[in-house]
Amino acid sequence: MPIKYTVENEGRLVHVIASGRMTNNDLLDYETAFANDDRIMTGPDVLFEIKPDSIVTITDNGMLKAIEQKEKLAKKAKSYRCAIVISGRNREIWGLAKLYKKMNESKSPNVI
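Within each chain, residues carry numbers counting from 1 in the order of the written sequence. Since the coordinates come from a predicted model, pLDDT governs what is reported: local features require at least 70, and pairs of side-chain atoms require 80 or more to be given and counted, while whole-chain, interface and lining totals use all residues. Think of the side-chain values as coming from all heavy atoms in the structure, minus any hydrogens and water.

Whenever I open this one, the overall build of the protein confuses me. Can you help?
Looking only at helices and strands, the protein has three helices and six strands in total. A run of DSSP states H or I qualifies as a helix once it reaches four residues; a run of E qualifies as a strand once it reaches two. Both are numbered from the N-terminal end. The linear arrangement of helices and strands in the protein, starting from the amino end, is β-β-β-α-β-β-α-β-α. Exposed residues in this analysis have more than 50% of their type's maximum accessible area, buried residues have under 20%, and partly exposed residues fall in between, with area computed by a 1.4 Å probe over protein chains only. Burial statistics for the protein: of 112 residues in total, 37% are counted as buried. Between two residues, a contact is recorded if the distance between any of their heavy atoms is within 4.5 Å. Partitioning the contacts of the protein with sequence separation of at least 6, the portion at a separation of at least 24 is 80%. Methods summary: accessible areas were calculated by the Shrake-Rupley approach with a probe of 1.4 Å, and residue burial reflects only the protein chains presented. For the protein, the accessible surface area stands at approximately 6,500 Å², while carbon and sulfur atoms represent 53% of it.

How should helix α2 (residues 60-73) be read in this particular structure?
For an α-helix the count is 3.6 residues per turn, leaving residues at separations of three or four pointing the same way. Take the residue count of a helix, subtract one, and multiply by 1.5 Å to get its expected span. Compared with an ideal rise of 1.5 Å per residue, which puts 14 residues at 20 Å, α2 spans 20 Å between its outermost C-alpha atoms and is within 8% of the ideal. When α2 is considered as a whole, its buried residues turn out to be Gly 62, Met 63, Ala 66, Ile 67 and Lys 70. The buried residues of α2 occupy an angular sector of 135° when the element is viewed end-on, so they sit on one face. Seen from the open side of α2, the exposed residues pointing more than 90 degrees away from its buried face are Lys 65 and Lys 72. Directions are taken from the helix axis to each C-beta atom, and the arc is the one they span.

It is not clear to me how the sheet that holds strand β6 (residues 81-86) should be interpreted in this structure. Could you clarify?
Note on sheets: strands pair through backbone hydrogen bonds, and any given pair is parallel or antiparallel. If you trace the four strands from one edge of the open sheet to the other, you get β1-β2-β4-β6, paired in mixed fashion. Both outer strands of the open sheet, β1 (3-8) and β6, are each paired with one neighbouring strand and no more. Taken pair by pair, the neighbouring strands of this sheet meet at an average axis angle of 15°, ignoring direction. Two strands pair if DSSP finds at least two bridges between them. Inspection of the sheet shows strand β4 (residues 45-50) paired to β6 by six bridges, in the parallel sense. In this description, a line fitted to the C-alpha atoms serves as the axis of each element, helices being fitted only across the stretch in contact, and the angle between N-to-C directions of two axes falls anywhere from 0 to 180 degrees.

What is the right way to read helix α1 (residues 24-36) from this model?
Its 13 residues place the ends of α1 19 Å apart at the C-alpha level, agreeing with the 18 Å of an ideal helix rising 1.5 Å per residue. Those residues of α1 not exposed but buried are Asp 26, Leu 27, Tyr 30, Glu 31, Phe 34 and Ala 35. Axial view of α1: buried residues confined to an arc of 160°, hence all on one face.

Help me out: how do you make sense of the pairing of β1 in this one?
Walk down a regular strand and you will see the side chains alternate between the two sheet faces. The pairing of β1 with strand β2 (residues 13-18) spans six bridges and is antiparallel. Looking at β2, one finds that Lys 4 is bridged to Ile 17. Connecting β1 to the next strand, β2, in antiparallel fashion are four residues, including Asn 9 with a positive phi near 50°.

Help me out: how do you make sense of the packing of aromatic side chains in this one?
Describing an aromatic ring pair means giving the distance of the ring centres and the angle of the ring planes. Centres within 6.5 Å are what make two rings of Phe, Tyr or Trp a pair, Trp counting through its six-membered ring; a difference in plane orientation under 30 degrees is then read as stacked, over 60 as edge-to-face, and the rest as tilted. Summed over the entire model, instances satisfying the criterion amount to four aromatic pairs. Taking the centre distance of 6.0 Å and the plane angle of 50° together, the rings of Tyr 30 and Phe 34 count as tilted. Of this pair, Tyr 30 and Phe 34 are both found in helix α1, four residues apart, which corresponds to roughly one turn of the helix. Judged by its relative accessible area of 2%, Phe 34 is buried. Connected via pairs of aromatic rings, a cluster forms that spans Tyr 5, Tyr 30, Phe 34 and Phe 48.

Take a look at the structure:
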């Protein structure tokens, strides 16, 4: 899976690393795992790092479906603060990161 994460600081910090080819299904798998991971406390800080070797084939619709699925599957609401870090100067990935942030804000106002 090109999107992997570790849970640290007793569930209050989640470090996500995305690399390689990422598809709509990869994002959906990540969001589903995050929403249902009992190790993650409510209100964690999330550092979402996108590596320079990333090839992103995630569409706007794929992002929206992943976010909706995360909300549907969540056992409890997990409001959190998220920083997206992009290594390199890939404008396409930067645009997708901003769109992901905006979609999350509209669906889950507590996501920053």
